[in-house]
Each structure stands twice: as C-alpha cells, then as structure tokens.
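Working through the structure, step by step
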Amino acid sequence: MKKYICFRFDIDTHICLKEGVPNLLEIFEAQDARCTFFVSMGKAFKRSYFISEKLNKAENSKKDSKRESFSMPYKLGFFNSIFSMLLNPMIGAKYHKTLNKVIKKGNELGLHGGRNHATWERDSYKWTEKQLHNEIEYGLKQFEIKNLPKPISFASPCWKSPEKLDEILEKLNFNIVANQNTTYNYLQKDNKNISQFPTNVIGENREIGFIENLRALDYSTEDILLKFSDQLDNEERFKMVFDHPFYAGRHELEMVAAMIRIAKEKGYIVDSLKNIYQNLNNESTAHLS
C-alpha cells in the first residue's frame, strides 16, 4: 500500500509569509512535492502576555540552562522582532497574495486558530462554546474575504484543544484536525467526519518544530537527518513532521530539501493533508467495494 508523509508548517507571524513561505514553495516545487500550511488569519501577539511569558522564561532559564528552541530575534531577526512587537500586524489577512500562491502551487492552506494566536494559547480553555465558534468563524470569514478556498484542515495554536472543539469543527465542515503531537502512527476518527492526523515525526520536545528543536539542542545536520530517517523506518502508512516558515523557511532550506529526498527514497508520497485524506478515503472505498 502507498505510504504518505506531510510536511506541515504553522504560519503564526507576518515574517512567515513575507520570507519563509515563498522560500519553502520553491523547495517543494523543485522536488515535485506538496505540503500543508496552517495559517493564522489574525494577529500573533498580545503584549501583556508576551511580556509575562518572557519574564517567566527568564526565571526558568536560571533553573534550567538546557536550550530547546531559539529566541525570537534569532528566528525573525532583530528588526522584524521589534516591528512585530510594536505593530503586531495581521498575518494571513495582510499577505493574501502569498497565500494565493500557496494554492496555485498545489499546496494546502489550513486554518490555525482565530483572531489572535497568543489569546488562543492562553485563554481558549476558558472560552464558552459560542466564543470558540466565533473565533473559528472569524478565520473562515477571512478566507472568504481573500477569495481563498474554504479550509478543511485545522490546527490549534500551541496544540491547545479546548473542549467541544471537534464538535464545532465538524459543524463548520472541517474534516481534518492536526492537534496531536505523539509517536503514535495511526489515524483516529473520533467524530463522524473528523479525522485526527498526528504529528508523529518529533524531536526531543514534541511541542517545538522538529528541525528547530534538534538544532537548538546542537544536533548536527547529519544527526538530524538520521533521526528523521529512523522515524520513517516502520510499516505505518502516514507520517507528519512540522516546523515554522520563519525558522525552517529562512534558516534550514537545505535541511528541508534533504528531508523531502529521504522521504521519497523510502517510498513516501510527499503531499498535503487534504490530498492524503482524500487518497486514503478513496483507497478505503475501493478496498471495501
């Protein structure tokens, strides 16, 4: 049977679309591969949360010197970091031309949260069902305003899955949720029309982008590619690896290209979640008939 792998990239800052996504599109087109971008259509930060988060990290760094990810100035650059904090620009809603290019190149756009990435991370577990519904509808409305195809895939900011999320997503005609970061390789179908696709190619810290996490832990290029290759070496049919365009799309393009080549050499079809979902459904129907 066919094996599939999805490279997913979460777009949660404007610099992802300004620089990272265009670079990644070139890499995937050159290798005749497709991927999925989960895009926030709102804003990235809430200043009060950002400040408290940095203070907490500074305090924790005194207790634990192990670095698992890179700083925002390193990933975005000093100027872009200051620009982001001062102006907090709209993300997908501003760079709609780049988003249209994602679709034209055959890739997928999924929805990544609602009005604000930071408030989803910190507050979504307290929201009522109506508030949660309104947040997701905000993102869908932005897709519609920008004349983008209605998404069928959803990923929460920072892996946060509030109660009733899947029920709301099903009512809004989503089919795919990518909120699990786990070593499990199987797909789950908890709701009638919702399939859970796990991000199952993971680093030492599964909540951080695969390449960024391992690079921050001082893995060499060879070690990162070996770890990636090892995690593809089983009989499961589906794999997914994730990172961010502001890191992988600006600092690790050669690594991404090498990972695509390895996946293909191991017999994986490198495709978007939407295409994989449709192919698996078609194969299941054909098998049953």
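Let me sum up the structure you'll find in this document. (Residues numbered from 1 in each chain as written. Predicted model: local features only at pLDDT ≥ 70, side-chain atom pairs only at ≥ 80, totals over all residues. Heavy atoms only, no water.)

1. A short note on the packing of helix 1 (residues 14–30) against helix 12 (residues 253–265)
Running from amino to carboxyl end, helix 1 crosses helix 12 at an angle of 30 degrees, the nearest separation of the two axes being 10 Å. By the angle between their axes, helix 1 is roughly parallel relative to helix 12. Classified by chirality, the crossing of helix 12 by helix 1 is right-handed. Contacts from Asn-23, Leu-24, Ile-27 and Phe-28 of helix 1 reach helix 12 at Leu-253, Val-256, Ala-257 and Ile-260. (Axes fitted to C-alpha atoms, helices over the stretch in contact; angles between N-to-C directions. Helix = DSSP H or I, 4+ residues; strand = E, 2+ residues; numbered from the N terminus. Parallel < 35°, antiparallel > 145°, perpendicular 65-115°, else oblique. Left-handed = near helix turned anticlockwise from the far one by under 90°. Contact = heavy atoms within 4.5 Å.)

2. Things to note about helix 7 (residues 129–145)
The end-to-end C-alpha distance of helix 7, which contains 17 residues, comes to 24 Å, matching closely the 24 Å that a straight helix rising 1.5 Å per residue would cover. A positive phi of about 60 degrees marks Asn-147, the residue just after helix 7. (Expected span 1.5 Å × (residues − 1).)

3. Description of the nonpolar core
Phe-7, Phe-37, Ile-136 and Phe-228 are the most contacted members of the largest nonpolar core, which totals 67 residues. When residues no more than four places from it in sequence are discounted, the contact partners of Ile-136 are Leu-111, Trp-120, Phe-154, Leu-165, Ile-168, Leu-169, Leu-172 and Phe-174. Grouped together as the second largest cluster of nonpolar side chains are 14 residues, Cys-6, Ala-155, Met-240 and Ile-276 included. (Core = buried A, V, L, I, M, F, W, Y, C linked by side-chain atoms within 4.5 Å. Buried < 20%, exposed > 50% of the residue type's maximum accessible area, 1.4 Å probe, protein only.)

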